[in-house]
Amino acid sequence: MTLAQSLSIGAPEVVLAAGALVLLLLGVFRGNDSLKGLSWGAVILFGLTALTVIDDAPARELAWNQIYVADSLSAFLKILILAGAAAAVLMALPYMQRVKQHRFEYPVLIVLATLGMCVMVSANNLLTLYIGLELMSLAAYVLAAFNRDEQRSTEAGLKYFVLGALSSGMLLYGVSLVYGFVGSTEFTRIAAGLSAGGERNMGALFGLVFVFAGLAFKVSAVPFHMWTPDVYEGAPTPVAAFFATAPKVAAMGLFMRVALDAFSGMIADWRQIVIFMSIASMFVGAVGAIGQSNVKRLLAYSSINNVGFMLIGLAAANAAGASAVLLYLTIYLVMTLGSFLVVLSLTDADGNAVETLDDLAGLARSRPWLATALAIFMLSLAGLPPLFGFMAKLAVFNAAVDAGLWLLAVLGVLSSVIAAYYYLRVVKILFFDPPADVVVNGEGGAVINNGMMIAAAVFCSPIGYLLLGPLAQATRTAASSLF
Amino acid sequence: MMSARCVADMIQAIVFLPLIAFLIAGIGNRAIGNTAAKFVTTGALFISCALSWVIFIGLIGGAPAEDHVVAEWFSSGDLAVNWTLKVDILTGVMLVVITSVSALVHLYSWGYMAEDPDQPRFFAYLSLFTFAMLMLVTADNLVQIFFGWEGVGLASYLLIGFWYKKPSAWAAAIKAFVVNRVGDFGFMLGIFGLFMLFGTVDIDTILQGVPLAKGATFTFLGHQVDAITTIALLLFVGAMGKSAQVPLHTWLPDAMEGPTPVSALIHAATMVTAGVFLVCRMSPLFEASPTASTVVTYVGALTAIFAATVATTQHDIKRVIAYSTCSQLGFMFFAAGVGAYGAAMFHLFTHAFFKALLFLCAGSVIHSMHHEQDMRYYGALRKSIPLTFWAMVIGTIAITGVNYTSGYFSKDSVLFAAWESGTEAGRVAFFTGIFASLLTSFYSWRLIFKTFFGEARWAGSEHIQHAVHDAHGHDDHAHHDDHHHAPATGTAGYHPHESPIVMLIPLVVLSFGALFAGAIFNDWFVGGAEHAFWNGVIVHDGEFFESLHHVPALVHWAPAIVMLIGLTTAWAVYIRNPGFADTFVKQFRQLHAFLYNKWYFDELYRAIFVKPALWLGRFFWKVGDQGTIDRFGPDGLTAVVAHGSVVAKRFQSGLVYSYALVMLIGVAAFATWFMVR
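Residues numbered from 1 in each chain as written. Chains lettered and ligands numbered in written order. Predicted model: local features only at pLDDT ≥ 70, side-chain atom pairs only at ≥ 80, totals over all residues. Heavy atoms only, no water.

A.B. asks: Lay out the overall build of chain B in plain terms, naming residues and giving numbers.
C.D. replies: Tallying secondary structure elements over chain B gives 27 helices and four strands in all. Taken over 677 residues, chain B has a buried fraction of 58%. Within chain B, residue pairs in contact and separated by at least 24 positions form 79% of the contacts whose partners lie at least 6 positions apart. In the structure as shown, chain B presents an accessible area of about 26,600 Å², 68% of it carried by carbon and sulfur atoms. (Helix = DSSP H or I, 4+ residues; strand = E, 2+ residues; numbered from the N terminus. Buried < 20%, exposed > 50% of the residue type's maximum accessible area, 1.4 Å probe, protein only. Contact = heavy atoms within 4.5 Å. Areas by Shrake-Rupley, 256 points an atom, 1.4 Å probe, with all protein chains shown as cover.)

A.B. asks: Summarise unusual backbone geometry; cite the residues concerned and give the values.
C.D. replies: Negative phi is the rule for most residues except glycine; trans is the rule for most peptide bonds. The amide bond that connects Val222 of chain A to the next residue, Pro223 of chain A, takes the cis arrangement and shows omega of 5°. On the secondary structure map, Pro223 of chain A appears in the loop between α9 (202-219) and α10 (227-234). The residue after Val246 of chain B, namely Pro247 of chain B, is reached through a cis peptide bond having omega 5°. Tracing the backbone shows Pro247 of chain B in the loop between α7 (227-242) and α8 (251-254).

A.B. asks: Give a detailed account of the pairing of strand β2 (residues 79-87) of chain B, specifying residues and quantitative values.
C.D. replies: In this structure, strand β1 (residues 66-76) of chain B lies alongside β2 of chain B, joined through nine bridges in antiparallel fashion. Residue pairing for β2 of chain B: Ala71 of chain B is matched across the bridge by Trp83 of chain B. (Pairing = 2+ DSSP bridges.)

A.B. asks: So, the nonpolar core: which residues are in play, and what are the values?
C.D. replies: By size, the foremost hydrophobic cluster in this structure holds 214 residues, and its most contacted members are Met282, Leu285, Phe286, Met392 and Phe525 of chain B. In terms of residue count, helix α14 (residues 341-368) of chain B provides more of this core than any other element does, 19 residues in total. Not counting chain neighbours up to four residues away, the residues in contact with Met392 of chain B comprise Ile317, Ile321, Leu358, Cys361, Ala362, Val365, Leu447, Ile448 and Phe452 of chain B. By size, the runner-up hydrophobic cluster in this structure holds 204 residues, among which are Val43, Tyr106, Ala144 and Phe255 of chain A. (Core = buried A, V, L, I, M, F, W, Y, C linked by side-chain atoms within 4.5 Å.)

A.B. asks: Describe the pattern of salt bridges, naming the residues involved and giving the relevant values.
C.D. replies: If you walk through the whole model with that rule in mind, you get 25 salt bridges over all chains. Where Lys78 of chain A meets Glu13 of chain A, a salt bridge forms, and the shortest distance between an N and an O atom there is 3.0 Å. Within this pair, whereas Lys78 of chain A is found in helix α4 (residues 72-98), its partner Glu13 of chain A is found in helix α2 (residues 11-30), the two being separated by 65 residues in sequence. You'll find Lys78 of chain A and Glu13 of chain A in the same group, each marked buried. Arg181 of chain B is the partner of Asp184 of chain B in a salt bridge, and the nearest nitrogen-oxygen pair spans 3.3 Å. Taken together, the residues Asp184 of chain B and Arg181 of chain B, both in helix α5 (residues 167-198) and three residues apart, mark about one turn of the helix. On the accessibility criterion, Asp184 of chain B (2% relative accessible area) is buried. What makes Arg181 of chain B partly exposed here is its relative accessible area of 33%. Through salt bridges with shared partners, a single ionic network connects Glu150, Arg152, Glu155, Lys159, Asp230, Glu233 and Arg297 of chain A. (Salt bridge = Lys/Arg side-chain N within 4 Å of Asp/Glu carboxyl O.)

A.B. asks: Describe α14 of chain B, naming the residues involved and giving the relevant values.
C.D. replies: Residue and element names in this part refer to chain B. The end-to-end C-alpha distance of α14, which contains 28 residues, comes to 40 Å, matching closely the 40 Å that a straight helix rising 1.5 Å per residue would cover. Along α14, the sharpest kink reaches roughly 30°, centred on His351. Among the 28 residues in α14, 28 count as buried, and that is most of the element. Positive phi shows up at His370, right after α14, with a value of about 55°. (Expected span 1.5 Å × (residues − 1). Bend = angle between axes of the 7 residues up to and from the residue.)

A.B. asks: Please set out the interface of chain A and chain B residue by residue, giving values where relevant.
C.D. replies: With 34 residues of chain A at the contact, the number on the chain B side is 22 residues. The contact between chain A and chain B buries some 2,500 Å² in all, and 78% of this surface belongs to carbon and sulfur atoms. For chain A, the biggest contributors to the area lost against chain B are Val209, Met226 and Gln272 of chain A; these three give 22% of the whole. Where chain A packs against chain B, one counts zero salt bridges. The interface formed by chain A and chain B includes five residue pairs in polar contact (both at pLDDT 80 or more). Residue assignment for the side of chain A that touches chain B shows that the elements contributing at least two residues are α7 (151-182), α9, α10, α13 (267-290) and α14 (295-316) of chain A. Per element, the largest residue contribution to the side of chain A that touches chain B is eight residues, and it comes from α13 of chain A. Taken together, the residues that form the side of chain A that touches chain B break down as 23 nonpolar, six polar and five charged. (Buried area = accessible area lost by both parts, 1.4 Å probe. Polar contact = N/O pair within 3.5 Å; in protein donor to acceptor, adjacent residues only side chain to side chain. Nonpolar A, V, L, I, M, F, W, Y, C, P; charged D, E, K, R; others polar.)

A.B. asks: Give a description of the packing of aromatic side chains that names residues and reports values.
C.D. replies: Residue and element names in this part refer to chain B. According to the stated counting rule, one finds 77 aromatic pairs over all chains in the structure shown. Ring geometry for Phe16 and Phe131: centres 6.0 Å apart, planes at 40°, overall tilted. Of this pair, Phe16 sits in helix α1 (residues 4-60) while Phe131 is found in helix α3 (residues 119-137), placing the two residues 115 residues apart along the sequence. Overall, the relative accessible area of 24% leaves Phe16 in the partly exposed class. Consider the rings of Phe512 and Phe516, whose centres lie 6.1 Å apart with planes at 35°: the pair is tilted. With Phe512 and Phe516 both in helix α19 (residues 501-525) and four residues apart, the pair spans about one turn of that helix. (Phe/Tyr/Trp six-rings, centres within 6.5 Å; stacked < 30°, edge-to-face > 60°.)

A.B. asks: So, the confidence of the model for chain B: which residues are in play, and what are the values?
C.D. replies: Residue and element names in this part refer to chain B. Per-residue confidence for chain B gives a mean pLDDT of 87; residues scoring 70 or more make up 97%. When mean pLDDT is taken per element in chain B, α3 scores highest with 93 and helix α18 (residues 462-469) scores lowest with 77. In this model, residues 471-486 is a region of pLDDT below 50 whose contacts with residues beyond four sequence positions or in other chains number 31 contacts. Here the predicted complex carries an ipTM of 0.90, next to a pTM of 0.66. (pLDDT = per-residue confidence, 0-100.)

A.B. asks: A description of the environment of Pro247 of chain A should follow, citing residues and the corresponding values.
C.D. replies: Residue and element names in this part refer to chain A. The topology assignment puts Pro247 in helix α12 (residues 246-262). A relative accessible area of 7% means that Pro247 is categorised as buried. Residues Pro247 and Val219, spaced 28 residues apart in sequence, show a C-alpha to C-alpha distance of 7.8 Å. Apart from residues lying up to four places away in sequence, Pro247 is in contact with Met117, Met136 and Phe242.

A.B. asks: Tell me about the packing of α10 of chain A against α14 of chain A, and please be specific about residues and values.
C.D. replies: Residue and element names in this part refer to chain A. Running from N to C, α10 and α14 point in directions that differ by 140°, and their axes come no closer than 8 Å. Where α10 crosses over α14, the two elements pack in a sense that is right-handed. Contacts between α10 and α14 involve Thr228, Pro229, Asp230, Tyr232 and Glu233 on the former and, on the latter, Lys296, Arg297, Leu299, Ala300, Tyr301, Ser303 and Ile304. In terms of residue class, the contact of α10 with α14 is made up of six nonpolar, two polar and four charged. (Axes fitted to C-alpha atoms, helices over the stretch in contact; angles between N-to-C directions. Left-handed = near helix turned anticlockwise from the far one by under 90°.)

A.B. asks: Go over the pairing of strand β3 (residues 217-220) of chain B with me, naming the residues and quoting the values.
C.D. replies: Residue and element names in this part refer to chain B. Where β3 and strand β4 (residues 223-226) come together, four bridges link them in antiparallel fashion. Looking across to β4, one finds that Thr217 is bridged to Asp226. Linking β3 back to β4 in an antiparallel pair, the connection comprises two residues, with Leu221 at a positive phi of about 55°.

A.B. asks: Quick rundown of the side chain of His225 of chain A? Include the residues and the values.
C.D. replies: By the element assignment, His225 of chain A lies in the loop between α9 and α10. Classification of His225 of chain A as buried rests on a relative accessible area of 5%. In this view, His225 of chain A contacts Ser220, Val284 and Ile304 of chain A together with Gln652 of chain B; residues no more than four positions away in its chain are not counted.

A.B. asks: Break down the side chain of Thr297 of chain B for me, with residues and values.
C.D. replies: Here Thr297 of chain B shows up in helix α12 (residues 290-311). In contact with Thr297 of chain B, other than residues within four places in its own chain, are Phe334, Gly337, Val338, Ala425, Gly426 and Ala429 of chain B.

A.B. asks: Tell me what's going on with the environment of Ile79 of chain A, and back it up with residues and numbers.
C.D. replies: Residue and element names in this part refer to chain A. In this structure, Ile79 sits in helix α4. When its relative accessible area of 32% is taken as the criterion, Ile79 is described as partly exposed. With residues near it in sequence (within four places) discarded, Ile79 still touches Ala50, Val53 and Ile54.

Next up, the structure:
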């Protein structure tokens, strides 16, 4: 395989990498005033990358000596990632202006993180995986500490970095164990090696535990979730929105590829870990959120809870489960982005961000449309029919029942009842509590943000069902590349 | 001769006009206003009434009985049920009774309810009731009967509780509903049993199959029992509930909480006779089971005497008439029990006229006495409201059976039939009936004397005081039961006024019915032409009916004699010697208390059913639900979840090393898990 062929197969990453450098140079020369231009440049870059992704034939293609794979799964995930990243870039613009964090690095860092994510979902080798993961993480650490003058933000960045380093270390250790006991870092060969040996490969199993720990950290599954609430709360709101969306998609996609492709021979083993993490995430996410008074922390627990549901689909370890996870990811991405968009557009009279639940009291009277949008997102996250979030939960439960994991499905339903409590509490605070003293003027939102919010709300509303057909088709095609 | 097509159109108009009127008045309610609601409902009823008489006269003239299928209702396996309007003479009798009384009551309500703020609702309910009752009597299958049965129950519930702001009214409504459920349950079991036995709910098919099913048995409550008898008794339980027979009678007196026109229509003339109608409709079934017929006879006789005794002591004018109704229904049942279904229907027919008349007169009295219902505060009213007085006297001579009035013909035929049946039950019923007739005469005249004669005792009434002192007169329809202060005499300066013309017209029309309905229809119902009249619709024994004309002289004159004794006694006690009643009560305090408290049925039920039910309910609520299900279910779980969120918060310390520790513990735990397995 020639380099040219590889470059053509890996076009998205090439475009992103080149684009990131161009944007960085432009930023360096033009200074912070170029933020707006760079942001739109980044969005255009994402658009171009998306075009190269869509251009890809759905056939599975390997490049660069089998370390890179382009298939329908990676294409689907990349589209989601690019969309999430573009939204994260755009939604930050009004915020940056408001909090005087007007720095050109933001879009560049997002592009670099996106490059890392695209590498992750196209990894066909444990080392490619690691490189992509680190590329994304390093950019993310910096992003978390983006408000470098603010203590909470820097603290969040530092915590994320330290814990992220720990998890990367575990991942690398796991990779070395797998390499040592199986003899390869390439997914296809690992799969072949694991299924060949008659008896159980204890060393590889150990390695798998560590690799999974590293991946679970990125998707913030319990017990590797502890960083999530602190980082979401401390990081600037658009950054938290970014963390909650695109990297989750990338990490979950990667998780699926590693579990169902590389370690397909050990499904019975890793399924136990995934089931445990799934149940623990669902319940910790649900129970932990109840005591929260900060909306961003609440959304952090919400993301932990939702990851638990996605892991149900992974535990099912069948095509239905995989496509359910992809459907879940798509809907979750929109719901979460929408929720963060609402939070972003709330400011008090002095232009400070409004983040506590108490400040939202009676929002329905001062800002009825905003309150309605947030209510739609909350109820959709709670999985209340007829909102779209219901379909996501239904899909993973169906997959679990198909795989005979009915107990897991039952526990999932139970935890979603608990989770419904705090989602409903937000709605109750919005609509039924006496208005708070804080003046929520909501002038923080720009036209673009409002547009995205409306689009997300419409997507989550029953109107979103219109997309169910094509979406289900796409997720089925994407999932089929794993089996 | 009318064509079948014409009859079909008419019967549909009769049944569905009230429904349409109900929908217009009910949905339009305040939007269309009082006048429109009154005109729509009353107009519909008068058209129905006119058409009903046309059909009835046609049937007397020999028009064939027909079933008119309106639509399929449902079909499930073997069970297929149609909406059908059955037109035969039994239905015809009921049609004229229902629509005539209903139309008159609608008209009467124009005056009686004139000051009520909710008139459209009231008229809508009245029309709904009429529709349901018509569905009941035109049914050709038991499921449609049950539909109407429940429909009239619903309308009755709504109308008893019409003044829902009054606690006693809604309590009475709930009581009526609950007591009727007991009967309905029996009725339902009866329908199930019939479907099991005959595989259909079609009445004609069932009745044709009765001779073949004689002697069949099935298992009921763990015993092998005679199928026909069991089913007949179960149906009779339903009839007892609807027709207020002992021991399911307790709801009827309380139902007097509803507006008086409702009492006249539902609780005197029509709905309460549904039980009698059911027994007559299913007469071959009852005829096939001597046991069931005997039970019907005894229950009827017991109710007749029970209610008559209670009526002699009541003070509330409407309650006296309510017990009187209960008693007369007992007469109808024992007539049916001894096989004289024609006599039962005849008494039902005439009773509708004179009892509706009595109720509407009572309503007129109450109206003129400013909603005072206690007879102790009446007296000397005959000069103030002469027309009401004369109408009420006509009603009274009819119910007591003065010769050649309606009651004379029908009640005599009932009593003669009881005598002539020759059975032990029949003889018991006869003697009970004779005694009940004596009491009927006594309490009816007592009502007249206490209300219209003697001296005015109006001053003691709170309602009157209210009216006199309150310049605006009528305040509300609230009615208080607490008249515990001693009856004062005098008019308190109050001037009763005769009711408006719309209330008097129905009185006049019904007075004619009460006087002449018996004489006009006697031949057709029982007196010779009955064989052609009934035409096989109900069981009819020609010889038996023939024998009614040849009863022994003493039996023949007994009703008239006891009627005179009752009248004389009432006159002696309440006119000649007004203090005597009080002396009597003092002398026989316990007997009076026993009767005044209605034989303590309510107290008995309270002790046997209500208290244990409340106790059981409280037990399930406190111990079962709150103590067990809530405690370990929702409450317990929420406590666990709330506690869990505190624990989760404690773990979330914000310290990096504790986060790292949790991660390491997680990895170590997973690794250990696989090592030990």
